Amino acid sequence: MSASRRDGVLFVEDCDLTTLAERFGTPLYVYSRAAIESAWHAYDQAFADRDHLICYAVKANGNLAILELLAALGSGFDIVSGGELARVLKAGGDPGKVVFSGVGKREDEIEQALTAGILAFNIESRAELTRISAVASRLGVEAPISLRVNPDVDARTHPYISTGLKENKFGIDIHQAEAIYAEAAGLPGIRITGLDFHIGSQLTELEPLADALSRSLALVDRLAQSGITLSHLDIGGGLGIRYQDETPPTPQALADRLAPLLDQRPQRLLMEPGRALVGEAGWLLTTVEYLKPGHRDFAIVDAAMNDLLRPALYDAWQRIETVAPGSTEPRVYDIVGPVCETADSLGSNRSLALEPGALLAIHGAGAYGFVMASQYNARPRPAEVLVDGGTAHLVRERETLDDLWQGEHLLRTS
Ligand SMILES: *Cc1c(COP(=O)(O)O)cnc(C)c1O
């Protein structure tokens, strides 16, 4: 792993986290280049014997330096907004390797993506298909499209991050997809290229994915009979990571499970991993401000739900450790931030040896961490550092107080 202890002190690659905290301050996001690249290569190698493209889900962590690293590896990208497309292009990503997901694509975003020349739009409704046809026709271009089908499988994950059941807002009911493909075939400005699904996040079992693929392949066969051939199949993202004691399948296990289903099919395989590429490659460092004993023992730290929302939003559990060994006895603490919300907790019932000033590392913070950060309670957002061996690159500066009112205007009433 990219984090290890040397003389009891936590390192990421060859960087001592106490030194990073002194140099850059806390709260601080720290990412490991080696961990991100090795996760990407694990995916790439697992599917090496098949024509494939990894489209990293930018929403998991959109820092430009991370996108730049992945672009340099030849990665594609899965975006959900025009803003994410702009980030990919800014970081040197290839628009020809971009797929555009999301249920609410605006007209200007569709135009932006058509102008950039993306690989495919993952279409989530009939209304969106009609809109894309109109925009492409107006621009005199063809939009490459894939229908995101909702295969109605239970991903057996947290309800908030499950997307493949028929009651979810995502995708097109797989039973209606054939009719919509037929309609798409007759629309101007539309070129049918693929089919995709994404059934949920933090998946720890392969069967729901295998199920979704089988149902999708049956549809691919029915489409072929009516003369609609596809050039790619996109299996979405969703592979889980280990936050606590989960045992998520590896990309190799995924590839092995899907191989007999895909067999000799000629379609290029696309996948959209987010969390699995960056989740375990990030840590949030935070300093203990106060210890507050009482009915429950609280450790009040300088990071809060505005910096890392997952524990408050999903009741998610992330491992919290002291960076250096403490000189006190461990006690059971609730680790909470300064934000005025009871939900502002980063972890409860954690046995830790703490004193004011102690530095903590929250693991599994590389995905859905900084991207969900806000300035709630007028808290400037944290800095981000990318570690590469013994070098720490500041890839995003800590926000200043001036950043808090960027773009705001006073009325100047007096
Ligand atoms: C969020 C999302 C992903 C990435 O999900 P992970 O669980 O982070 O792998 C991929 N595709 C789509 C359409 C998404 O919405």
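Residues numbered from 1 in each chain as written. Predicted model: local features only at pLDDT ≥ 70, side-chain atom pairs only at ≥ 80, totals over all residues. Heavy atoms only, no water.

### A few points about the overall build of the protein
The line we're drawing: Each helix corresponds to a stretch of at least 4 residues labelled H or I by DSSP, and each strand to a stretch of at least 2 residues labelled E; elements are numbered beginning at the N terminus. Computation of the radius of gyration draws on C-alpha atoms alone. For the globule rule, the value is 2.2 Å times the number of residues to the power 0.38. To sort residues, take the accessible area from a 1.4 Å probe on protein chains only and compare it with the maximum for the residue type: under 20% means buried, over 50% means exposed, and anything in between is partly exposed. Any two residues whose heavy atoms approach within 4.5 Å are treated as being in contact.
For the protein, the helix and strand inventory stands at eleven helices and 21 strands. A compact globule built from 414 residues should have a C-alpha radius of gyration of about 22 Å, and the protein, at 23 Å, falls within 12% of that. Reported as C-alpha extents along the three principal axes, the dimensions of the protein are approximately 70 × 65 × 40 Å. Within the protein, the fraction of its 414 residues that count as buried is 53%. For the protein, restricting intrachain contacts to residue pairs at least 6 apart in sequence, the fraction spanning at least 24 positions comes to 69%.

### A few points about the nonpolar core
Soluble globular proteins tend to bury their nonpolar side chains together. This is how the line gets drawn: Residues enter a nonpolar core if they are buried and are Ala, Val, Leu, Ile, Met, Phe, Trp, Tyr or Cys, with the set joined through side-chain atoms within 4.5 Å. Reported domain spans reflect what an automatic or database domain assignment gives.
With 95 residues, the main nonpolar core has Phe121, Ile145, Tyr181 and Ile335 as its most contacted residues. Counting residues per element, this core draws most heavily on helix 8 (residues 207-225), at eight residues. Counting contributing residues, this core receives three or more from each of domain 1 (3-31 + 279-404) and domain 2 (102-271). Aside from chain neighbours lying at most four places away, what touches Ile335 is Ala299, Val301, Ile320, Ser345, Leu346, Gly347, Arg350, Leu352, Leu354 and Leu360. If you look at the next biggest cluster of nonpolar residues, it comprises 20 residues, including Leu10, Phe11, Trp283 and Leu285.

### What about the domain arrangement of the protein?
Applicable threshold: What gets called buried area is simply the loss in accessible area from a 1.4 Å probe that two parts show on being joined, summed for both. Salt-bridge detection follows one rule: a side-chain nitrogen of Lys or Arg within 4 Å of a carboxyl oxygen of Asp or Glu. Pairs of N or O atoms are called polar contacts if they sit within 3.5 Å, as long as, within protein, a hydrogen donor faces a hydrogen acceptor (for residues adjacent in sequence, only side-chain-to-side-chain pairs).
The domain architecture assigned to the protein consists of domain 1 (3-31 + 279-404) and domain 2 (102-271). A separation of 36 Å is found between the C-alpha centroids of domain 1 and domain 2. Every contact between the two is made by nine residues of domain 1 and, on the other side, seven residues of domain 2. Taken over both partners, the interface formed by domain 1 and domain 2 buries close to 770 Å², and the fraction arising from carbon and sulfur atoms is 59%. Of all residues in domain 1, Glu280, Tyr314 and Trp317 give up the largest surface area on contact with domain 2, accounting jointly for 61% of the area buried on that side. Counting the contacts that link domain 1 with domain 2 gives zero salt bridges. On inspection of domain 1 and its partner domain 2, the count reaches one residue pair in polar contact (both at pLDDT 80 or more).

### A closer look at the site of the ligand
What counts here: When at least one non-hydrogen atom of a residue lies within 4 Å of a molecule or strand, that residue is treated as near it. Throughout, the ten residues Ala, Val, Leu, Ile, Met, Phe, Trp, Tyr, Cys and Pro are labelled nonpolar, Asp, Glu, Lys and Arg are labelled charged, and all others, Gly among them, are labelled polar.
Around the ligand, a shell composed of 14 residues is seen, among which Lys59, Ser201, Glu272, Arg275 and Tyr368 lie nearest. A distance of 3.4 Å is found between a nitrogen atom of the ligand and a side-chain nitrogen or oxygen belonging to His198. Within the contact set of the ligand, an oxygen atom lies 2.3 Å away from a side-chain nitrogen or oxygen of Ser201. For the shell around the ligand, the per-class residue count stands at three nonpolar, six polar and five charged.

### A short note on the pairing of strand 2 (residues 9-12)
The condition that has to hold: Two strands make a pair as long as DSSP finds a minimum of two bridges between them.
Burial along strand 2 is two-sided: the residues Val9 and Phe11 and Leu10 and Val12 are all buried. Bridge count between strand 1 (residues 3-6) and strand 2: four bridges; the pairing is antiparallel. Bridging from a neighbouring strand, Arg6 pairs with Val9 of strand 2. Joining the antiparallel neighbours strand 1 and strand 2 is a turn of two residues, in which Asp7 adopts a positive phi near 50°. As defined by bridge partners, strand 2 adjoins strand 3 (residues 15-16) across two bridges and the pair is classed as antiparallel.

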